[in-house]
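Descriptive analysis of the structure
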Amino acid sequence: MKFILRGTVAATVLFSASAVWAAECIAPANPGGGWDFTCRQIGKIMYDIGAVDKPVQVTNMAGAGGGLAYNHVVAERGEDEELFIAASSATTTRLAQNAYAGMKADQVRWVGAIGADPGVIVVGKDSEFQSLTDLLDAVKADPKSIAFAGGSAVGGFDHLKPLMVLQRAGVEDVTKVKYIGTDGGADAITQTVGGFTQAMSGDMSEVVGFIKSGDVRVLAVLTEERVPGFDDIPTAMEQGIDVVAVNWRGLYVPKGVSDETFDMWAERLAKVAESDEWATAMEANGLAPFTKVGADFQGYVDGVVADVEALSRELGVIQ
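Residues numbered from 1 in each chain as written. Predicted model: local features only at pLDDT ≥ 70, side-chain atom pairs only at ≥ 80, totals over all residues. Heavy atoms only, no water.

Description of the overall build of the chain
So the rule is basically this: Put simply, DSSP marks the helices as runs of H or I at least four residues long and the strands as runs of E at least two long, and each gets a number from the N terminus on. Just to be clear, the radius of gyration here is over C-alpha atoms, and the globule rule we use is 2.2 Å times residues to the power 0.38. Partly exposed describes any residue whose relative accessible area lies between the buried limit of under 20% and the exposed limit of over 50%, with all areas from a 1.4 Å probe on protein chains only and scaled to the type maximum. Working rule for contacts: check all heavy atoms of both residues, and any pair within 4.5 Å makes them a contact. The method behind every accessible area is Shrake-Rupley, applied with a 1.4 Å probe, and residues are considered shielded solely by the protein chains displayed. Here the positive residues are Lys and Arg and the negative ones are Asp and Glu; neither His nor the chain ends is included. One atom stands in for each charge, and that atom is NZ of Lys, CZ of Arg, CG of Asp or CD of Glu.
Per the secondary structure count, the chain includes 10 helices and 11 strands. Rg of the C-alpha trace for the chain: 20 Å, near the compact-globule value of 20 Å for 319 residues, within the 12% margin. Taken along the three principal axes of its C-alpha coordinates, the chain extends 60 × 45 × 35 Å. The proportion of buried residues among the 319 residues of the chain is 51%. A fraction of 78% describes how many contacts in the chain between residues 6 or more apart in sequence connect residues 24 or more apart. Carbon together with sulfur atoms contributes 48% to the accessible area of the chain, which is approximately 13,800 Å² in total. Side chains of the chain give 25 positive and 43 negative charges; the mean places of these two sets differ by 5 Å.

What follows is the structure, given as structure tokens:
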């Protein structure tokens, strides 16, 4: 089954229409938002630091939650060596849940990720739970006594984060744990601060203001290392739970490109990750360092897709 593109694709550019492009970046969404940010910032910085010798064109191709662009690349651009595409954790989650009409993660090559919005497990300021271990012990004692709120629907990424944590902690039936899906992170925090749920699953950028106001406490950040600027918040890994769940910002390229081209894009992305310009962009947009490039990132994606697929089957999100 193919997604059908109706209407026109909005091609928006970083420079004047008369420029000659070094490459094209497809943002699988309309202007604004995470995928558009990824293309524009990475493309601009590649040019600014000399990783490419000409500006990068940005093409917005919205549809099917990223599926339209994915199908377009697989079906029509499979050997285009001057093309890269913005991706995030939502991309791999949807692939794992077969939301792209039979498309698979191995139909493209995953270049890398160079920044992420860290996942967090949060409780209200007056919560009895002082650590992630305290919360997990309560779940183990009575799974139905704890409810999590999150800004995604049931089966979405905010739901999967605590379930991955619970699975790694040895909770036998994670489906017994309640999850309240809301219309965004702010609503999920309100549920938890108000005492309607015992914990909240979300992204760091959603809770920064509430941390500063003292309304919440973050029991764990789901990254490999502590987040700069929030060094007092421990990772789940420090507390014995081997889960990394971040909304990473990265790129993939067509499956049919040569190894040399794949390595070239990986090297260019690595140069962006190391630049002062990218550090400034991350700080301005609430992202944390998360650099996995080349084969390291390909292996990470393979593992995440397998984990999300297994968990989604257990939850009944997919059959």
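What about the pairing of strand 4 (residues 83-88)?
Worth spelling out the cut-off: At least two bridges found by DSSP between two strands is the condition for calling them paired.
Most of strand 4 sits inside the fold, with six of its six residues counted as buried. Here strand 4 shows a buried face lined by Leu83, Ile85 and Ala87 and a second buried face lined by Phe84, Ala86 and Ser88. Bridge count between strand 2 (residues 23-27) and strand 4: three bridges; the pairing is parallel. Residue pairing for strand 4: glutamate 24 is matched across the bridge by leucine 83. Across four bridges, the pairing between strand 4 and strand 10 (residues 246-254) is antiparallel. The residue of strand 10 that forms the bridge with serine 88 is arginine 249.

Some thoughts on the nonpolar core
Under the convention used in this document: To define a nonpolar core, start from buried Ala, Val, Leu, Ile, Met, Phe, Trp, Tyr and Cys residues and group those joined through side-chain atoms within 4.5 Å.
Counting 90 residues, the largest nonpolar core has Trp110, Trp248 and Trp278 as the members making the most contacts within it. Sorting elements by how many residues they give to this core places strand 5 (residues 108-124) first, with eight residues. Excluding residues that lie within four positions of it along the chain, tryptophan 278 makes contacts with Phe37, Gln41, Ile42, Ile45, Ile114, Gly115, Val272, Ala273 and Leu287. Core analysis: the second largest hydrophobic core is formed by 15 residues, Val120, Ala188, Val221 and Phe230 among them.

Focus: the side chain of threonine 38
Structurally, threonine 38 is set in helix 1 (residues 34-48). Discounting chain neighbours no more than four positions away, the residues touching threonine 38 are Gly43, Ala86, Arg249, Gly250 and Leu251.

Here we look at the state of the cysteines
Going by this rule: Cysteine sulfur pairs qualify as disulfides if the two atoms are within 2.5 Å.
The full count for this structure, using the stated rule, is one disulfide. Disulfide partner of cysteine 25: cysteine 39, at an S-S distance of 2.0 Å. Judged by the sign of its S-S torsion, about -75°, the bond between cysteine 25 and cysteine 39 is left-handed. Here cysteine 25 is found in strand 2, whereas its partner cysteine 39 is found in helix 1, with 14 residues between them in sequence. When sorted by exposure, cysteine 25 lands in the same class as cysteine 39, which is buried.

Comments concerning the packing of aromatic side chains
Worth spelling out the cut-off: Stacked, edge-to-face and tilted are the three classes for Phe, Tyr and Trp ring pairs, Trp counted by its six-membered ring, which pair at centre distances within 6.5 Å; planes under 30 degrees apart are stacked, over 60 edge-to-face, the rest tilted.
On inspection of all chains with the given rule, the structure shows nine aromatic pairs. Ring plane angle 55° and centroid distance 5.3 Å describe the contact between tryptophan 110 and tyrosine 252, whose orientation is recorded as tilted. Of this pair, tryptophan 110 sits in strand 5 while tyrosine 252 sits in strand 10, and the two are 142 residues apart along the sequence. Both residues of the pair, tryptophan 110 and tyrosine 252, count as buried. Ring geometry for phenylalanine 297 against tyrosine 300: centres 6.1 Å apart, planes inclined by 25°, an arrangement best described as stacked. Remark: tyrosine 300 and phenylalanine 297 occur in helix 10 (residues 295-315); sequence separation between them is three residues, near one turn of the helix. In terms of burial, phenylalanine 297 and tyrosine 300 fall into one category: buried. Cluster of aromatic residues (ring-pair linked, three or more members): Tyr70, Tyr100, Trp110, Trp248, Tyr252, Phe290, Phe297 and Tyr300.

Quick notes on helix 5 (residues 157-168)
We apply this condition: Expected helix span is computed as 1.5 Å times (number of residues minus one).
Along its 12 residues, helix 5 runs 16 Å from first to last C-alpha, staying within 8% of the 16 Å computed at 1.5 Å per residue. Buried residues dominate helix 5, accounting for 10 of its 12 residues. Of the positions making up helix 5, those classed as buried are Phe157, Asp158, His159, Leu160, Lys161, Pro162, Leu163, Met164, Val165 and Leu166. Taken from the residues just after helix 5, glycine 170 is the one with a positive phi, measuring 95°.

Brief notes about the environment of leucine 269
Residue placement: leucine 269 occurs in helix 8 (residues 259-273). Taking the C-alpha atoms as reference points, leucine 269 and glycine 43, 226 residues apart in sequence, are found 9.5 Å from one another.

A few points about unusual backbone geometry
A positive phi angle is found at alanine 64, which is not glycine, with a value near 60°. With respect to the helices and strands, alanine 64 occurs in the loop between strand 3 (56-60) and helix 2 (67-76). A residue is classified by how much of its surface remains accessible, and alanine 64, at 44% relative accessible area, is partly exposed. Within the chain, alanine 101 stands out as a residue other than glycine whose phi angle is a positive 50°.

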